[in-house]
Amino acid sequence: MHTKESNLKLVVVGLLLGILMSAMDNTIVASAMGTIVSDLGGLDKIVWVTSAYMVMVMAGTPIFGKLSDMYGRKRFFMFGLIVFLIGSALCGTATSITQLSIYRAIQGIGGGALMPIAFTIVFDIYPPEKRGKLTGLFGAVFGISSVLGPLLGAYITDYVGWQWVFYINLPLGIIALFLIATSYKESISHAKQRIDWGGAFTLVGAIICLMFALELGGNQYAWDSSVILGLFAGFAVLLLAFILIERVAAEPVISFAMFSKRLFATSSVTALFYGSAFIVATIYIPIFVQGVFGGSATNSGLILMPMMIGTVVGSQTGGLLTTKTSFRNIMILSAVCFVAGVYSLSTLSPDTSRLMLNLFMALTGFGVGFSFSVLSMAAIHNFDMRQRGSATSTSTFMRSLGMTLGITIFGIIQRNNFTSSISEAFGGSEQSAAFGDPRAALTPEARAKIPPEILEKISSALSSSIAHTFMWALIPAVLGLVFVLLMPKDRLTIPSKTAQASEGKR
């Protein structure tokens, strides 16, 4: 099944570096976003920098999961790394928000292979009793990358230049590529299957139509304009086509049969709701800190740290508890903390102290941390080796779908609320036009030039719009709790030595 122990350690280091990069990418960019926007302009297109990456991750995830089941994990993990590195190099050369969004999409294609295949390789090479600890470690790296990302992103942005938040991936990626290429010798038992390209294209097309409709509606175009109605119609038609194709496809991109297993279905839907609520915190807390408290990107990077430390602790705790109690029991603790954390963030105001913000974030991070290790183990629990790639990638896809919809929908809520608060505060005067761009409030140099009474109005509008957005984010957080309660009481089982031996031979 696998080679010497020393090689396994190097494989794990290579996989961890891959996860570190793809996970760190979102948080590094989040902490640099204020500076990128003040440099490149295009605040109205800010969501596309993250959305473009997420859409392509989503597109790639189920396809790469299926391909890795068919032709082997190693080649597609390495392919994902190479594409991710090319995208990273291009991002550093971007001269506009639109260009940056396109390069982020290329990065996302590679990112779609890294996370699900890394988790699947761990399940392939380690027996069940070691998986809990390792999945906890992977989840913790996800959390550490989220701590390191904001700090590194903020430091680089302030002292080197935001372009280097992308270039930093290059040395890490090359090391990961070398370790996987030289140390991972995988078994050749992979089933030949057909790729469901029809399902893949209709699914991605449907998501893109929906996102463009939500993003452009009420902004560039009226909600009842032919463009927006056409995009919604395109979404409906493509979604219907996707469902019909998946029902008859020999090897569907997303297997509806997998959803007939209750543990898989509930853990995947929980991942969707967790993703959509958590992404709001990673994007809007740095903007809140820069725009409301005032300060450089370094401050906003540091301020995310309590949330990310909470994530690491939650992930490690969740991974270790999987051998002690059911997935459901662990996730109930997670969901209660997560809902409480999101609710506390909805009370943010310019008067909120740093200490309280830190506590709110630590609670939110702790709650969501469990999901990184526990939900991925729960999703894969009832499947054999030939289905693990698909099971992991479908679960990851659901989380990515939640994050993508979360960015888009909550982005609209925050923008609309901010715009109406600004016009209310300035009574539609010319001051509103001059200072109504929150980008002006995001850099310390710009803040120094704005009269205090004007700055206070902008900060107050930004603060209330972000708190309002967190209030809406409570909906998916509570729905996550509901689906956790619907999980069956399955728990990690340690098979006998003979069962393990037959698993290894397959």
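Source: prediction; values computed, not measured.

Asker: Please provide a residue-by-residue account of the side chain of R104, values included.
Answerer: For R104, the location among the structural elements is in helix α4 (residues 97–125). What makes R104 buried here is its relative accessible area of 0%. Of the polar contacts made by the side chain of R104, one reaches the side chain of Q107; its length is 3.1 Å.

Asker: Before we move on, could you go through the packing of helix α10 (residues 262–293) against helix α18 (residues 452–485) and cite the residues and values that matter?
Answerer: Here α10 crosses α18 at 165°, and the two axes come no closer than 9 Å. Considered as vectors, α10 and α18 are oriented roughly antiparallel to each other. Judged by the sense of rotation from one axis to the other, the crossing of α10 with α18 is left-handed. Among the residues making up the contact of α10 with α18, the classes are represented as 20 nonpolar, eight polar and no charged.

Asker: Can you lay out the packing of aromatic side chains for me, pointing to particular residues and giving the numbers?
Answerer: Counted by the stated rule, this structure contains 13 aromatic pairs. Ring centres of F264 and F383 lie 5.5 Å apart, and the angle between their planes is 85°; on these two criteria the pair is classed as edge-to-face. Within this pair, whereas F264 is found in helix α10, its partner F383 is found in the loop between α14 (354–380) and α15 (385–426), the two being separated by 119 residues in sequence. Residue classification places F383 among the buried residues on the basis of a relative accessible area of 7%.

Asker: Break down the nonpolar core for me, citing the residues and quoting the values.
Answerer: Looking at soluble globular proteins, one finds that nonpolar side chains tend to be buried together. Counting residues in hydrophobic clusters, the biggest one holds 145 residues, and the most contacted among them are L15, F138, I285 and L345. Tallying contributions element by element places α10 first for this core, with 19 residues. Formed by five residues, the second largest nonpolar core is a distinct cluster that contains C209, A213, L216 and I228.

Asker: Any chance you could break down the packing of helix α3 (residues 73–91) against α4 for me, citing the residues and the numbers?
Answerer: Two numbers describe how α3 lies on α4: the axes approach to 7 Å, and their chain directions differ by 150°. Taken together, α3 and α4 sit at an angle that is classed as roughly antiparallel. Once α3 is placed against α4, the crossing between them reads as left-handed. A class-by-class count of the residues in the contact of α3 with α4 yields 16 nonpolar, seven polar and three charged.

Asker: So, the side chain of R73: which residues are in play, and what are the values?
Answerer: Following the sequence through the fold, R73 ends up in helix α3. The buried category is assigned to R73, whose relative accessible area is 0%. Separated by 3.1 Å, the side chains of R73 and S68 make a polar contact. Apart from the residues within four sequence positions on either side, R73 is in contact with S68, I117, T120, I121, D124, Y184, E186, M385, R388 and G389.

Definitions and cut-offs
Residues numbered from 1 in each chain as written. Predicted model: local features only at pLDDT ≥ 70, side-chain atom pairs only at ≥ 80, totals over all residues. Heavy atoms only, no water. Helix = DSSP H or I, 4+ residues; strand = E, 2+ residues; numbered from the N terminus. Buried < 20%, exposed > 50% of the residue type's maximum accessible area, 1.4 Å probe, protein only. Polar contact = N/O pair within 3.5 Å; in protein donor to acceptor, adjacent residues only side chain to side chain. Axes fitted to C-alpha atoms, helices over the stretch in contact; angles between N-to-C directions. Parallel < 35°, antiparallel > 145°, perpendicular 65-115°, else oblique. Left-handed = near helix turned anticlockwise from the far one by under 90°. Nonpolar A, V, L, I, M, F, W, Y, C, P; charged D, E, K, R; others polar. Phe/Tyr/Trp six-rings, centres within 6.5 Å; stacked < 30°, edge-to-face > 60°. Core = buried A, V, L, I, M, F, W, Y, C linked by side-chain atoms within 4.5 Å. Contact = heavy atoms within 4.5 Å.

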